[in-house]
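Fold and contact review
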Amino acid sequence: MQYGHFDDAAREYVVDRPDTPRPWSNYLGTTEYGAIITNHAGGYSFYRSAATHRILRLRGNAVPLDQPGRYFYLRDQATGDFWSSSWQPVGKPLDQYQSVCRHGMGYTIITSKYSGIETESTYFVPLGQTFEYWRLKVSNTGTARRKLSVFTYAEFTNVGHLINDLTNLQYSPFVTFAKYHQDGMLALASHPHDAFDPADLRSAVRSWMKLAGAPVVGFETQRENFIGNYGSYAAPEAVKRGKLTNFEIAGENMIGSMQIDLDLAPGETKELMLLLGLGTPESHGHATVREYASSERCAQELERVKASWHARLEAMNVKTPDAEFDSMVNVWNAYNSLITYAWSRSASTIYNGERDGLGYRDTVQDFLGVTPLLGRDMQARLELMLTGQVACGGAMPVVRTFDHQPGKEAAPPAEHFRSDDCLWLFHAVPAYVAETGEVEFYHKVLPYADEGEATVLGHLRRALEFNLERTGRNGLPCGLAADWNDCCKLGYTGESVMVAFQVCYSLSVYRGICERLGLAEEAQWAASQRESMEKAIQKVCWDGEWFIWATGKDGTRFGTKEMAEGKIYLNTQVWAVISGVATDAQAKSALAATKRELATPYGLMLSAPPFEKTPRHIMDGVVYNKGIKENAGIFNHPQAWAVMAECLRGNGDQAYEYYRAYMPSAYNTRAELREIEPYVHSQTTYASVNPHAGKSRVPWLTGTASWSLFVAVQSILGIVPELDGLRIDPCIPRSWPGFQVERVFRGKRLNISVENPSGLSNGVQSLKVDGKVISGNLLPLSLLRDGLRVQAVLEG
């Protein structure tokens, strides 16, 4: 079933029917003032931290998932009939009510038609500001004059700290205070006697809201007065009676509602504008309203938001035979990656404020998708994460952007270190250097989180030493608190085979960097360490058809053919190929086993068979039902690694089959199966061994986004930045006749076309650059210029 369509020209996803299987969301604002909004206007707002400075409330794991929200209620004064400008929360019958939602980059527009009245509500946060716009246009499309009342509804947190707001109810309802100013502005506060310091995310919260466009005839600040003690968002008592109480709270649950009455002639449209922001009326509100509360300024600010986001996406544009692939790469996967990069795993309808900061390994991987979009603009964040590494070479699990103090942080206890954290730097740092050409970045000196300092290259060396110094009985890296798989509990005695492959890959990357920098001894050290690690892997980890995933402290090998549970593990098969450790025969066998044992119509299972009896101290995934998350579920993050591995082997058809199996847009016409947004990636999908097979969960904030964009562009389309130029080395389905790419690289916009007349997957032997043939598939820096045309032909 299809609920919407991609409008790539406008860079929007259009929800054509509102009864989506789940609320479908979007993001507003920036990391300074952020907000979530759904196609039903549900969601919340926060200042810098969704955990400690929440402004608008959302109740997690509720039905519906996205309430409360940013609501406009409309009431016909003659009949008493009422509805909302978004389908929910009132939920009028869809044979009478029409609604379309346009999710764009940093804004959402919802239109509705009901009972001869059309509305258009627009939501966004202006660039560089700490307030949000809600603009409502109301049109009378009938032949009779209509008198309507419009009620706004915003449910504020009682305190900014989310957990206290939702659970500490012997405290949080008793610190609220609201005041209505005669100019029509509401001031809302927690801890009204405390000082307000926006730089302190644990200080008292101050908010204001102003409704402009017509005289305010009433207001409400207490939730129960508006909803009713036994009412609901679908039928608030205040809307039913058509009047607000003008009550200013001094304690109890805090909301902001204002009433405006409209008298609309046939064909007439009136516009209302609500501004809601951080601070007090005196410090922020009045000045903001004077400058921004006009229709013209609102329209200008909306265009600025669009232009800002669209400019990021202009760095890359592709045209392939698969329009659904293009929609993801050109718009939604790129936007998804930027949002995930911004918020890590801290703010969505699922991540509802329980995480506060940047998860180390999550964020370091998130760089990969945004590198071509941000370039040098991501250097500060990359340096921040490098300073989250501690002097022993491990990392702090979370880096808090707003109060991180490099050189002064306490190192995590030894039992909290994860074995893969800093190995992802060997992807992020070289990608940044290749994109920007900033080789000197390797020599920049940065502090460790706890003590001491090193060059960026020194940080990389220390990351390798961290794993090489912590090996088990077979000389393989210990799993520690976890490897990539949080449920893989191997400690300081068990060994992670995935991390062993990652160390081999990272040693090769480090060797290449050192050779480039003229550090022969360092390069030789890396080569020697890799050789030793490879020998250890080959001695212990090959099981005849595939690679095992771990060894236990007693020498037990996990992931062998003889095991009843978890006998094969996706990550070790694909990383054996990515790292280059697998021999040709091993790579063929491991990838064949991967398809045979793990493939489903919705993606590759993480492992199989499911865990049911395996002890939790070995594989904590047994806590999950079989067929979801780490227990033989389809974890979408490593799907990209499987695509990458198949491309490295030249298997373009298989790579693309895997890619489409989990690509969100491929489910747009059958969205009832996947249920979540068909325009963004998700963390996990139920596998065929579960009765919920095909349903995806945890959308938006996931490493899937970044890795999927990375492999789409670099592995499938083969557009690979290098220090010396841009390599063109695609691995595509044989059925594709070719494709085109516009790519900004080193400040130059390049037009690249690849032709495939012989039905091949790969094999670029030469390039035609402005009509001149050069051998090989590397476009050198010396030929770069704006508007350059590059042609490649797959020749095997």
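Being a predicted model, the structure only gives us computed values, none of them experimental.

Let us now look at the overall build of the protein. Secondary structure assignment for the protein yields 18 helices and 42 strands. Here the C-alpha radius of gyration of the protein, 28 Å, is about what a compact globule of 796 residues would show, namely 28 Å. Principal axes of the C-alpha set define a box for the protein whose edges measure 80 × 60 × 50 Å. Every one of the 796 residues in the protein was classed for burial, and the buried ones make up 62%. Restricting the contact set of the protein to residue pairs at least 6 apart, pairs at least 24 apart contribute 66%. Counting only carbon and sulfur atoms, one obtains 48% of the accessible surface of the protein, whose full area is about 27,500 Å². The averaged location of the 88 negative side-chain charges in the protein is 2 Å from the averaged location of its 78 positive side-chain charges.

Next up on the list: the layout of surface pockets. In this structure, the largest pocket spans a volume of roughly 1,200 Å³. If you trace the largest pocket, you find 40 residues lining it, with Tyr-505, Gln-714, Val-720, Pro-721 and Glu-722 closest to the centre. Those elements that place two or more of their residues in the lining of the largest pocket are helix H7 (360-374), helix H9 (425-436), helix H11 (497-517), helix H15 (639-648), helix H18 (703-716) and strand E35 (719-722). For the lining of the largest pocket, the leading source of residues is H9, giving seven residues. Among the residues making up the lining of the largest pocket, the classes are represented as 25 nonpolar, eight polar and seven charged.

It is worth spelling out the pattern of salt bridges at this point. Going through the model one piece at a time under the given rule, you end up with 57 salt bridges. Between Arg-400 and Asp-356 there is a salt bridge whose closest N-O contact spans 2.9 Å. Separated by 44 residues along the polypeptide, Arg-400 in the loop between strand E21 (398-399) and H9 and Asp-356 in the loop between helix H6 (323-343) and strand E20 (358-359) bring together distant segments of the chain. Close ionic contact of Arg-596 with Glu-597 constitutes a salt bridge, the shortest N to O distance being 3.3 Å. By relative accessible area, which is 47% here, Arg-596 ends up partly exposed. Ionic contacts of the salt-bridge type, sharing partners, join the residues Arg-57, Arg-59, Glu-155, Asp-165, Arg-223 and Glu-224 into one network.

Relative to the elements of secondary structure, Ser-715 occurs in helix H18. The residues touching Ser-715, leaving out its near neighbours within four places in the chain, are Met-644, Cys-647, Phe-710, Asp-729, Pro-730 and Cys-731.

Among the six residues in strand E4 (residues 33-38), six count as buried, and that is most of the element. Residues Tyr-33, Ala-35 and Ile-37 line one face of E4 and the alternating positions Gly-34, Ile-36 and Thr-38 line the opposite face, and both faces are buried. Taken together, the five bridges between strand E3 (residues 25-29) and E4 define a ladder with antiparallel strand orientation. Counterpart to Gly-29 in the pairing with E4 is Gly-34. In this structure, the hairpin formed by E3 and E4 is closed by a connection of three residues. Connecting the antiparallel pair E4 and strand E5 (residues 45-47) is a turn made up of six residues, with Ala-41 showing a positive phi of about 65°.

Let us now look at the pairing of strand E19 (residues 316-319). Residues in a regular strand project their side chains so that they alternate between the two faces of the sheet. Residues of E19 alternate between two faces, with Met-316 and Val-318 buried on one and Asn-317 and Lys-319 left unburied on the opposite face. One ladder, built from four bridges, connects E19 with strand E37 (residues 738-745); its direction is antiparallel. What sits directly across from Asn-317, in E37, is Glu-742.

Applying the stated criterion to the full structure yields 53 aromatic pairs. Plain terms: the ring middles of Phe-501 and Phe-547 are 5.2 Å apart, the flat faces sit at 90° to each other, and that makes the pair edge-to-face. Taken together, the residues Phe-501 in helix H11 and Phe-547 in the loop between helix H12 (520-540) and strand E26 (550-551) connect sequence positions 46 residues apart. You'll find Phe-501 and Phe-547 in the same group, each marked buried. Seen in terms of ring centroids, Trp-549 and Phe-558 are 5.5 Å apart; in terms of plane orientation they differ by 35°. Their pairing is tilted.

Definitions and limits used
- Residues numbered from 1 in each chain as written.
- Predicted model: local features only at pLDDT ≥ 70, side-chain atom pairs only at ≥ 80, totals over all residues.
- Heavy atoms only, no water.
- Helix = DSSP H or I, 4+ residues; strand = E, 2+ residues; numbered from the N terminus.
- Rg over C-alpha atoms; globule rule 2.2 N^0.38 Å.
- Buried < 20%, exposed > 50% of the residue type's maximum accessible area, 1.4 Å probe, protein only.
- Contact = heavy atoms within 4.5 Å.
- Areas by Shrake-Rupley, 256 points an atom, 1.4 Å probe, with all protein chains shown as cover.
- Lys, Arg positive; Asp, Glu negative; His and termini not counted.
- Charge placed at Lys NZ, Arg CZ, Asp CG, Glu CD.
- 1 Å grid on protein atoms, 1.4 Å probe; cavity = no way out; pocket = protein on both sides within 12 Å on 5 of 7 lines; lining within 4 Å.
- Points joined across faces, edges and corners; volume = space filled by probe spheres on them.
- Nonpolar A, V, L, I, M, F, W, Y, C, P; charged D, E, K, R; others polar.
- Salt bridge = Lys/Arg side-chain N within 4 Å of Asp/Glu carboxyl O.
- Pairing = 2+ DSSP bridges.
- Phe/Tyr/Trp six-rings, centres within 6.5 Å; stacked < 30°, edge-to-face > 60°.

So, to be careful, I would describe these as geometric facts and stop short of saying anything about function.
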